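# Fold and geometry: a report
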Amino acid sequence: MKTFVTLKEAFTLFEEEIKQKEETCLCPVEFGLGHRLAEDIYAPFPQPPFSKSAMDGFVFRKEDIGCVEPFPIQGALYAGDNATQLIEQKQCFKIMTGAKIPDNGAVVVQQEHCVVEENKVTVNIWPKRINICLKGEDFGQGELLLEKGTVLDYITLALLSSIGRTKIQIYKKPRIAVLVSGNEVWEPGKPLPEGKIYDSNAMMIKQRLLTLGYGAKTIKFLPDDPKEVATTLEEMSRCHDIIITTGGVSVGEKDIFHDALTFANAKKVFWKVALKPGTPAIFSMLNECPIISLSGNPFASSVTFEVLARRVLYCLTKDQRLLVETVRGTIKNGFKKTADKSRFIRAKWNGKEVEIPKGLHASYALKSMAGCNALAEIPASEEPLSESAEINVWLL
C-alpha cells in the first residue's frame, strides 16, 4: 500500500486498478433521460421526410413566379395530406403550415401577401424566400445523429422519437453503495440522543450523485465494529460496482476501516492524499469492486467526493460529466492561512475570480458551503495568498 500520494498519483492508481464497466441493456426511449447511449444512431429517413410548407398561404410553380394575373385555386392542402396532384399551369393550391408540397411546387406565398376573390388568388408581393422546409433539410437519410456514449437529454430523446425509435441500447449505470460509519452518527427523523449527531454525509452523497446523473442503490449506516464492517464490505462488493464510505479512515482508536479492510481481505492501494481537508482517504479493491473511503467530517467528505470519488466513478464509466472542470482564476479577497499541502476552500466563482465566503472554514462545517459553486485550490506555500493571486478553481 502506498501512503501520502499526490492527486496525480491517486488518479493514475485509479486508472490502473479499475476496469471500465460496459454492460448494456435495451431501454424504452421515454426512460432514457440521463443515461449514456450504447449505440450509434443513424437516420432511417431524411428529415423532413418530404418538402413542406413553412407557413399558411398559397403554393405556386416555379414557372409562374412573378405573374400578376389572378390564379385559380385548385384545392386546399393540409398537414397530413398526401399531396399527389401536380399544380396546373397558372394555378395554385391553398396550403397550410406543415402540409406536403406538390412535386412541382416551388414557392409558398404567405396569405397576408395575397388577395382572394371568387376562388382566385392575386399575389401582391412575391417573396424573396421560397418559404418551404426542404426534404432532408434537417438531416439526410443515413446521417449519424447521435454517437455512442452520448448522454441522453430532453432534446436527444425528442430526436430519437422523431425518427420513430421506441427502444435504444444504453449503458447500465453502476450500482453504488454508500456506507456511513460511526457510532455517533444518527439517522434524521429519530429523536437525537445526547452525544449523537445527525447524518449529513449520506444525504450529501446521495443528492450529489443524483445531480450528476447517478443514484445510490444502497445506503447503509455502520457501527464502529471492524468485523461487522468487513462483513458488510464483503457482501456489498459482490452486488455493487463501487462502494463509497465515510468515516473511520484516520488514526484514532475508532478509525476502524484499516482493520475492516484487512479482515475483508481487500487490497489497500493507497492511504492519505496530499490535500486538505480529507487527507486520510483510502482507496482499495475488493472482488474487483473499488472502495473509496472518505473522511467523516462533512466538508472534508464533500471535497474528497468531488476530487476523488468522482474520478473513481469516471474510471468505471468513462462518463465525461464526472470529470470536474478546472480553470485558472484570481482570488478576490486573498487567503491568509498557509498549508504544507494543497488546500481546498469553498468558494463562489463569477467567471473571472473566486470569492471566499465569510464564516467557519473547518472541515466539519457545512453552513458556509451554502451558495458556493466552486472549490478554490490553495497551493502548498509558506506565504499567504495576496488579493488577485492566480489559482486553480474546481467548478462544481
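What comes next is a walk through the structure. Because the structure is predicted, anything quoted here is derived from the model rather than measured.

Analysis parameters
- Residues numbered from 1 in each chain as written.
- Predicted model: local features only at pLDDT ≥ 70, side-chain atom pairs only at ≥ 80, totals over all residues.
- Heavy atoms only, no water.
- Pairing = 2+ DSSP bridges.
- Helix = DSSP H or I, 4+ residues; strand = E, 2+ residues; numbered from the N terminus.
- Axes fitted to C-alpha atoms, helices over the stretch in contact; angles between N-to-C directions.
- Core = buried A, V, L, I, M, F, W, Y, C linked by side-chain atoms within 4.5 Å.
- Buried < 20%, exposed > 50% of the residue type's maximum accessible area, 1.4 Å probe, protein only.
- Contact = heavy atoms within 4.5 Å.
- Parallel < 35°, antiparallel > 145°, perpendicular 65-115°, else oblique.
- Left-handed = near helix turned anticlockwise from the far one by under 90°.
- Nonpolar A, V, L, I, M, F, W, Y, C, P; charged D, E, K, R; others polar.
- Arc of directions from axis to C-beta.

### Points about the sheet that holds strand S5 (residues 57-61)
Strand order in the open sheet formed by six strands is S8-S5-S7-S6-S10-S9, and the pairing between neighbours is mixed. Looking at strand neighbours, the two that pair on one side only are strand S8 (105-110) and strand S9 (114-117), the edges of this open sheet. Neighbour-to-neighbour, the strand axes of the sheet open up by a mean angle of 40 degrees, direction not taken into account. In terms of strand pairing, strand S6 (residues 71-77) meets strand S10 (residues 120-123) through two bridges, oriented antiparallel. When the bridges of S10 are listed, Phe71 appears paired with Val121.

### Digging into the nonpolar core
Leu7, Phe14, Ile244, Phe270, Ile292 and Leu308 are the most contacted members of the largest nonpolar core, which has 45 residues in total. Put simply, the parts of the chain that give this core at least two residues each are helix H1 (7-17), strand S14 (176-181), helix H3 (201-211), strand S18 (242-246), strand S19 (267-273), strand S21 (282-286), strand S22 (289-294) and helix H6 (298-317). If you tally residues by element for this core, the top one is H6, at 11 residues. Discounting chain neighbours no more than four positions away, the residues touching Phe270 are Met1, Lys2, Val5, Ala10, Leu13, Phe14, Ala281, Ile282 and Phe283. In this structure, Ala177, Ala230, Leu261 and Ile291 belong to the second largest nonpolar core, which totals 20 residues.

### Examining the packing of H1 against H6
In the contact formed by H1 and H6, the axes pass within 9 Å of each other and the chain directions differ by 30 degrees. Relative to H6, H1 is oriented roughly parallel. Regarding H1 and H6, the two cross each other, and that crossing is right-handed. Here H1 contributes Leu7, Ala10, Phe11, Phe14 and Glu15 to the contact with H6, which in turn contributes Val307, Leu308, Arg311, Val312, Tyr314 and Cys315. For the contact of H1 with H6, a count of residues per class yields nine nonpolar, no polar and two charged.

### Remarks on the packing of H3 against H6
Put simply, H3 and H6 touch, their axes get as near as 11 Å, and they point 35 degrees apart. Between H3 and H6 lies a crossing of right-handed hand. Along its contact with H3, which presents Asn201, Met204, Ile205, Arg208 and Leu209, the element H6 presents Pro298, Ser301, Ser302, Phe305, Glu306, Arg310 and Leu313.

### Brief notes about the pairing of S14
Burial within S14 is extensive, with six of its six residues counted as buried. Residues Ile176, Val178 and Val180 point to one face of S14 and Ala177, Leu179 and Ser181 to the other, with burial holding for every one of them. Judged from the six bridges that link them, S14 and strand S17 (residues 216-222) form a sheet pairing that is parallel. Counted as the bridge partner of Ser181 is Leu222 from S17.

### Focus on H1
One turn of the α-helix equals 3.6 residues, which is why residues spaced by three or four share an orientation. Within H1, burial applies to Leu7, Ala10, Phe11, Leu13 and Phe14. Taken down its axis, H1 places every buried residue within 160 degrees of arc, on the same side. Exposed positions of H1 whose direction lies more than 90 degrees from the buried face are Lys8 and Glu16.

### Notes on the side chain of Arg208
Within the secondary structure, Arg208 sits in helix H3. Aside from chain neighbours lying at most four places away, what touches Arg208 is Phe305, Glu306, Arg310 and Leu396.

### Let's talk about the sheet that holds S21
Pairing is mixed in the open sheet, where seven strands are placed in the order S1-S19-S21-S22-S18-S14-S17. Since the sheet does not close on itself, it has two edges, and those belong to strand S1 (2-5) and S17, each with one partner. For this sheet, the mean inter-axis angle between neighbouring strands, taken without regard to orientation, is 20 degrees. In this sheet, S22 lies alongside S21 in antiparallel orientation, the contact comprising five bridges.

In short, shape yes, function no, at least from these values alone.
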